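Now for the letters of each chain:
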Amino acid sequence: RGLGDVYTRQIEYSTIPTATAVSWVPANQTFNGDLMFMYTQCEAIHCRSIAPLQDSPGIKSTFNATLRVEAPYVAIASALPVKQSEYMTNNGIMKVYEYAQKIPVPSYLMALVAGNIQFKKVGNRAGVYAEPKILNQSADEPVSYTHLRAHETSLHLVCRLLLEKKKK
């Protein structure tokens, strides 16, 4: 095997709720006040707490993510949606979201979010995820991010995803 060869490995793993990249917002601190909100912040070197990846911008990889949440939570990732399903458990409905990031990205761009969120399209290539009470207002706020990001504005904790197809 030589320099520049591409290798493919499949690694299955899970992480712990106290990982440094994971932030938990209690339900009483959200706008709706009904469900907790979870988001990841992998910059600058925190991705290693949720995934077995090198935290270096020069090292890029593709990834698939399967996120399981209890209904009515919604889970999103910084990747394209592949499949959504659900099944019954003793505690109720479990929702399964599958995502695939086929473009190699540095680990700090990996992002996961779960909460009481909805999506609103705001153009041909862009949309916003936010809590239902602030979805319309959040869609009108300017942003320059090009990937899924959870960030705070002066009023909200907002999660945004730019939907963009790469030209061939």
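Before reading further, recall that the structure is shown in the block above.
An account of the accompanying structure is given in this report.

## Comments concerning the nonpolar core
The nonpolar side chains of a soluble globular protein tend to be buried, and buried together.
Okay, so step 1: Ile50, Leu67, Ile76, Tyr97, Tyr99, Met110 and Ile117 are the most contacted members of the largest nonpolar core, which totals 30 residues.
Okay, so step 2: Going through the elements one at a time, strand S1 (22-25), strand S2 (37-40), strand S3 (60-70), strand S4 (74-77), strand S6 (92-106) and strand S7 (112-115) are the ones with two or more residues in this core.
Okay, so step 3: Not counting the four nearest positions on each side in its chain, tyrosine 97 is found in contact with Ala65, Thr66, Leu67, Val69, Tyr73, Val74, Ala75, Lys83 and Gln84.
Okay, so step 4: If you look at the next biggest cluster of nonpolar residues, it comprises five residues, including Val128, Ile134, Leu135 and Ala139.

## Some points on the packing of aromatic side chains
Okay, so step 1: Enumeration according to the criterion identifies two aromatic pairs in this entry.
Okay, so step 2: With a centroid separation of 6.2 Å and 45° between ring planes, the pair formed by phenylalanine 37 and tyrosine 39 is classed as tilted. When sorted by exposure, phenylalanine 37 lands in the same class as tyrosine 39, which is buried.
Okay, so step 3: Between phenylalanine 119 and tyrosine 129, the ring centres sit 4.9 Å apart and the planes meet at 55°, which makes this aromatic pair tilted. With a gap of 10 residues between them, phenylalanine 119 in strand S8 (residues 118-121) and tyrosine 129 in strand S9 (residues 126-130) connect regions that are remote in the sequence.

## Here we look at the sheet that holds S6
Okay, so step 1: Sheet architecture is open: three strands sit in the order S3-S6-S5, paired in antiparallel fashion. Looking along the sheet, the strands with just one partner apiece sit at the ends: S3 and strand S5 (80-89). When the angles between neighbouring strand axes are averaged without regard to direction, this sheet yields 15°.
Okay, so step 2: Alignment of S5 against S6, held across nine bridges, turns out to be antiparallel. Bridging from a neighbouring strand, proline 81 pairs with tyrosine 99 of S6.

## Quick look at the sheet that holds S2
Okay, so step 1: Strand order in the open sheet formed by four strands is S1-S2-S7-S4, and the pairing between neighbours is antiparallel. On the outer flanks of this sheet lie S1 and S4, each paired with one strand and no other. Adjacent strand axes in the sheet meet at a mean angle of 10°, parallel and antiparallel pairs treated alike.
Okay, so step 2: Where S1 meets S2, four bridges bridge the pair, whose relative direction is antiparallel. From the neighbouring strand, valine 25 faces S2, where its bridge partner is phenylalanine 37.

Here is what the cut-offs are and how they apply
- Residues numbered from 1 in each chain as written.
- Predicted model: local features only at pLDDT ≥ 70, side-chain atom pairs only at ≥ 80, totals over all residues.
- Heavy atoms only, no water.
- Core = buried A, V, L, I, M, F, W, Y, C linked by side-chain atoms within 4.5 Å.
- Buried < 20%, exposed > 50% of the residue type's maximum accessible area, 1.4 Å probe, protein only.
- Helix = DSSP H or I, 4+ residues; strand = E, 2+ residues; numbered from the N terminus.
- Contact = heavy atoms within 4.5 Å.
- Phe/Tyr/Trp six-rings, centres within 6.5 Å; stacked < 30°, edge-to-face > 60°.
- Pairing = 2+ DSSP bridges.
- Axes fitted to C-alpha atoms, helices over the stretch in contact; angles between N-to-C directions.

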